[in-house]
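# Architecture and fold: a report
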Amino acid sequence: MTTYDEQIISILAKAGPRGMSVKKIGMQVYNLNCTLFFTPDFKEIHKYVQQFLVRNSKHPQSLVSKTQWGIYKLNPNSAQARQLAIDFRNKENENTMEHEEEEDQRKDSPDLSLSLFDDCF
């Protein structure tokens, strides 16, 4: 699976049952891949997203389903989509747990940093 494929699936997992338009998915993928030193072509990304969604929404058991014209969501009837949704939820839970642990460690340790403005007044 390529990076774009994983990003598209992740975006659709976060979008939930309402789904998201091709243009919005394309913008999300574009924003995920823009860096200070590299800016991808939006037209190419949009075309890739569109082809990926059409290719993966042809059958009733496909990974993606079309809700209405131009709006796609993860197919709840697809075993692969259910597994991916579970995987993405677990990753999000792990990230939030790690973030909470870091905050707890910061709260427990006293602030030993020096103030820059103590001697000014």
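Details of the structure are given in the entry above.
None of these values were measured; they are calculated from a predicted model.

Reading the values: rules and limits
Residues numbered from 1 in each chain as written. Predicted model: local features only at pLDDT ≥ 70, side-chain atom pairs only at ≥ 80, totals over all residues. Heavy atoms only, no water. Core = buried A, V, L, I, M, F, W, Y, C linked by side-chain atoms within 4.5 Å. Buried < 20%, exposed > 50% of the residue type's maximum accessible area, 1.4 Å probe, protein only. Helix = DSSP H or I, 4+ residues; strand = E, 2+ residues; numbered from the N terminus. Contact = heavy atoms within 4.5 Å. Polar contact = N/O pair within 3.5 Å; in protein donor to acceptor, adjacent residues only side chain to side chain. Phe/Tyr/Trp six-rings, centres within 6.5 Å; stacked < 30°, edge-to-face > 60°.

### So, the nonpolar core
- Counting residues in each nonpolar core, the largest one holds 17 residues, and the members touching the most others are Ile8, Leu12, Ile25, Val29, Val49 and Leu53.
- Of all the secondary structure elements, the ones that give two or more residues to this core are helix H1 (3-15), helix H2 (22-33), helix H3 (42-55) and strand S3 (71-74).
- Excluding residues within four positions of it along the chain, Val29 makes contact with Tyr4, Gln7, Ile8, Ile11, Ile45 and Val49.

### Regarding the side chain of Ser57
- Here Ser57 lies in the loop between H3 and strand S2 (64-68).
- A distance of 2.7 Å separates a polar side-chain atom of Ser57 from the backbone oxygen of Leu53.
- When residues no more than four places from it in sequence are discounted, the contact partners of Ser57 are Ser62, Val64, Ser65 and Tyr72.

### Considering the packing of aromatic side chains
- Inspection of every chain in the model, using the stated rule, returns two aromatic pairs.
- Judged by centre distance (5.8 Å) and plane angle (90°), the rings of Tyr30 and Phe42 are edge-to-face. Here Tyr30 is found in helix H2, whereas its partner Phe42 is found in helix H3, with 12 residues between them in sequence.
- Under the relative-accessibility criterion, Tyr30 is labelled buried at 18%.
- A relative accessible area of 24% means that Phe42 is categorised as partly exposed.

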